[in-house]
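One letter stands for each residue in the lines below.
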Amino acid sequence: MKTGSVTIIGAGPAGLAAAAAAAPYATVTLLDENPGPGGQIWRAGAGTTTAAAELWEPARQAGAQWLGGCRVVAADAHALLLENATGAQRLPWEKLVLAPGARERFLPFPGWTLPGVLGAGGLQALVKNGLDIRGQRVMVAGSGPLLLAAAAFLRSQGAIIAGITEQATRRQLAGLAWASLVSPEKRKQASGLFRQLRGVPYLTHCWVEAAEVQESSHKNSGWLAAVRLRRGNRRWREPCDWLASGFGLAPNIELARLLGCALAPAAEGRPSSIAVDDFQLASQSNIWCAGEITGIGGLELSLLEGRIAGLAAAGQTALARRWLKARDRQRHFARALARAARLDAELRRLPGDETVICRCEDVPLGRLREYHSWREARLLGRCGMGACQGRICSDITGWLWNWQYDTTRPPVTPARISTLALMAANAEKASSSEFIL
Amino acid sequence: MASSNRTFDLAVIGCGIVGAACARAGTRAGLRTIIVEGSLAGGGATAAGMGHIVVMDGSEAQLALTLYSRRLWQQLIPELPEAAEYRSCGTLWIAEHEAELELARRKQAKLAGQGVACEILDARQLMEAEPCLRPGLAGALRVPDDGVLYPPIAAQWLWQQAQNAGAVMRSGAIVTRIQEQAIHVAGGDRIQAGAIIVAAGSQGAELIPEIPLRPRKGHLLITDRYPGFLRHQVVELGYLQRAHAGTESSVSFNLQPRATGQVLIGSSRQYSHDRAVEPDVLSRMLARAQSYVPRLGDLRGLRAWTGFRAATPDDLPCIGPLPNRPHIFAALGHEGLGITTSLGTAELLLAQMLGAEAPIPAGPFQPARFFIETSPAGHA
């Protein structure tokens, strides 16, 4: 018999694993802003990938409900405020599993806002949604294993990978190789990726110093023309059509913060994450967190955390306990990975005074130098006041100057006024069309 | 710090827009001026508010102060930096039905009597002036010379004017106590000054407990950019009544077009110390705004926040010397009108301080009205 209901936010690996684990024991609702399950990693354009389906099918057959294409705009201790393309509703919750994943981390360098420069994940998503990349020269630059995955995928879609630059040193990566000994599946993945990338230059301790723009006479005027690379004392220019840039991921913590969940102790140079106990329980009762939100850890860790969170939320602590050891092993690996991918302090020197830091409001670095805190930069310089509400630039200013940014105000994401008017429990419903589960 | 060894003619506590205006007025009068700020200049109520420059007629005194202040702003506008985002958008006081339109006519007569340009719009003229409003409204009173600006930058500019004229800032200094002609700062420091202006907003109550200030919380929400959606500041005519109806929370309809194309949505009032955005109040405020502007529902809201207005029991600010300590002056209790009345406050205060003729009657603003008379026997 099923006892209680579990609402899971985010249908990436962690959320899907939580749904599959909880569905036999509880009434499960899984929601995501994308139309189908899979999240960023198992994004399949219109359909559902096999990996996502393997987790979702059993959950669905056990009665789990799917609520796609809708975003959580605000939340309190009793209900979530949801918005989809046409309407909004308040959805009461008993137990919550938060698995909202992560966003790409961007670090600024001259030209990082040019058309043609994208996040490594962003370019993958564009290609999955139909962008034709065949025959296009793509430079992949930044840090971390996601670069390899992005490069392999783009190559499989016909892109010419001009090179992969990794800012970490060979020595740091050797540490990573050691750490991967704890995880045979990681070792297998890595060697698989390198096999797919045979012939592609892979340069360690190397980064993009600047992206250059096509001149006005060129047919692609205004678009990315080339990147200027640096490796030690060597500097050179590499023409390319696209730059897929990635410096790892930053957890999506906003909703958890709004619900009062405490942050994990800060780790130097790493974006904030949410603190959880052995069973993925956050500091607020009845809220479990799984996947990247607890600290960037990748697919295997997300699956284990999701499974544990789903079981724990469904009251199956004894079952959840079986997975703790495996999860801890993955966490150990994730921590080693984070250490290996530590960003070189030299990267902080790349942006110039003209380099835009806040893209929404066009605020260049030079203007930010006048200010002493995130709040001052916001109030007097409009930094972080635009549509993304500082999600990208606050991470940059945190990295550059250790400015602290923490907001727990609704809405967690821009939302229609008609939706926000439904925030109160007793809101008059006449103003907005409801959508039905 | 060097500043603490010097003696000043004037020390201003608080670098919000009111304090910055007072410091500027002080330096213009030739006073050696220091401003003491505990946190971020312009980061209190100045940063949280809407930023309107308006004429308000809640009382004769309020009308005199806002009208005088608006005139001062209009003189400054050519000098303000573009980042202060001043826009002369005018205010539309919306009359929902015929009875309210009658109120609008009376308001029009009263304002016109004071020389304020304003006109009555009928239903059709209102729809032409502001097409986003719902049909069926009775009309409006249009006050064309009202405007909006971005307060943190305006406050910073006022402060820079003072600084250019020689004023100094002591930042990060928490004032623990004030005496006649001396300010005590956390850490044991003392700042000497011939006169002290307390312009510390809601926190002023800690320094002058005789003035019964209460924080009146407000909610605001700002949208993404929709240039041209809204042309005027629009306010429901019942605003003053609703806003000051009593002690429970109230919401009223008030929208502003910002220079960025964003729409700023207000407003709410409740006595509270809790900084959190309250879903219940925010919902009601937005529902009320939507009832006047239906298409507002489709705009995307980016951010909601709260702030605290320093309110007095009679809804008038305190602008003048303390009766028991004549070298200490209050510039407190501006409620929701601190941006508008900052300039007028500064001039009125300096006139009293220097014994000059007051630009408007200072009587209604005297802090003395809140001081309970004690037996004079014990005092010299």
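Residues numbered from 1 in each chain as written. Chains lettered and ligands numbered in written order. Predicted model: local features only at pLDDT ≥ 70, side-chain atom pairs only at ≥ 80, totals over all residues.

Enquirer: Which parts of the structure should I look at to understand the packing of helix α1 (residues 17-28) of chain B against helix α6 (residues 151-164) of chain B?
Expert: Relative placement of two packed helices is described by the angle separating their axes and the distance separating the axes. All names here are of chain B. Packing of α1 against α6 leaves a shortest axis separation of 8 Å and a crossing angle of 25°. As far as their axial angle goes, α6 and α1 are roughly parallel. The way α1 lies across α6 gives a crossing that is left-handed. Only Pro151, Ala154, Ala155, Leu158, Trp159, Gln161 and Ala162 of α6 make contact with α1, whose side of the interface consists of Ile17, Ala20, Ala21, Ala23, Arg24 and Thr27. Here the residues of the contact of α1 with α6 sort into ten nonpolar, two polar and one charged. (Axes fitted to C-alpha atoms, helices over the stretch in contact; angles between N-to-C directions. Helix = DSSP H or I, 4+ residues; strand = E, 2+ residues; numbered from the N terminus. Parallel < 35°, antiparallel > 145°, perpendicular 65-115°, else oblique. Left-handed = near helix turned anticlockwise from the far one by under 90°. Contact = placed C-beta atoms within 7 Å. Nonpolar A, V, L, I, M, F, W, Y, C, P; charged D, E, K, R; others polar.)

Enquirer: How do you make sense of the environment of Gly291(A) when you look at a structure like this?
Expert: Residues and elements named next belong to chain A. Relative to the elements of secondary structure, glycine 291 occurs in the loop between β18 (287-289) and α8 (299-313). On the neighbour-count criterion, glycine 291 (35 C-beta atoms within 10 Å) is buried. As a C-alpha pair, glycine 291 and glycine 398 span 107 residues in sequence and 23 Å in three-dimensional space. Excluding residues within four positions of it along the chain, glycine 291 makes contact with Gly12, Pro13, Ala14, Ala99, Gly101, Ser302, Glu305 and Gly306. (Buried ≥ 20, exposed ≤ 12 C-beta atoms within 10 Å, placed from the backbone.)

Enquirer: Would you mind going over the confidence of the model for chain B with me for this structure?
Expert: Atomic detail in the predicted coordinates should be set aside for any region of low pLDDT. Here chain B shows a mean pLDDT of 93. Residues at 70 or above account for 94%. Confidence estimates for the predicted assembly give a pTM of 0.92 and an ipTM of 0.91. (pLDDT = per-residue confidence, 0-100.)

Enquirer: Mind showing me how you'd approach the sheet that holds strand β5 (residues 79-83) of chain A here?
Expert: Pairing between sheet strands relies on hydrogen bonds along the backbone, with the strands arranged either parallel or antiparallel. Residue and element names in this part refer to chain A. Across the sheet, three strands lie side by side as β4-β5-β6; this open sheet has antiparallel pairing. The open sheet has two free edges, formed respectively by β4 (71-75) and β6 (88-92), since each of these has just one partner strand. Averaged over all neighbouring strand pairs, the angle between strand axes comes to 30°, with direction disregarded. In this sheet, β6 lies alongside β5 in antiparallel orientation, the contact comprising five bridges. Across the sheet, the residue bridging to leucine 80 is leucine 91, located in β6. (Pairing = 2+ DSSP bridges.)

Enquirer: What should I look at first to understand the interface of chain B and chain A in this one?
Expert: The figure often quoted for interface size is the accessible area lost as the parts come together. In this assembly, 27 residues from chain B lie in contact with 25 residues from chain A. No other element matches helix α9 (residues 279-292) of chain B, which puts eight residues into the side of chain B that touches chain A. Of the residues that constitute the side of chain B that touches chain A, the class distribution is 14 nonpolar, seven polar and six charged. Bridging between strand β21 (residues 415-416) of chain A and strand β16 (residues 300-311) of chain B involves two bridges; their strand directions are antiparallel. Pairing of Arg416(A) across the sheet is with Arg300(B), part of β16(B).

Enquirer: Please clarify how the domain arrangement of chain B should be interpreted in this entry.
Expert: All names here are of chain B. The domains assigned to chain B are domain 1 (2-48 + 151-212 + 315-371) and domain 2 (88-146 + 214-311). One C-alpha centre belongs to domain 1, the other to domain 2, and the line joining them spans 30 Å. Counting residues at the interface gives twelve residues for domain 1, matched by ten residues for domain 2. When grouped by side-chain class, the residues that make up the side of domain 1 that touches domain 2 number four nonpolar, six polar and two charged. (Domains from an automatic or database assignment.)

Enquirer: Teacher, can you tell me more about helix α3 (residues 60-76) of chain B here?
Expert: An α-helix turns once every 3.6 residues. As a result, residues three or four positions apart point the same way. A rise of 1.5 Å per residue sets the reference length of α3(B), with its 17 residues, at 24 Å; its end C-alpha atoms lie 25 Å apart and thus fit the reference within 8%. The secondary structure elements touched by the buried residues of α3(B) are β3 (52-53) and α10 (338-354) of chain B. (Expected span 1.5 Å × (residues − 1).)

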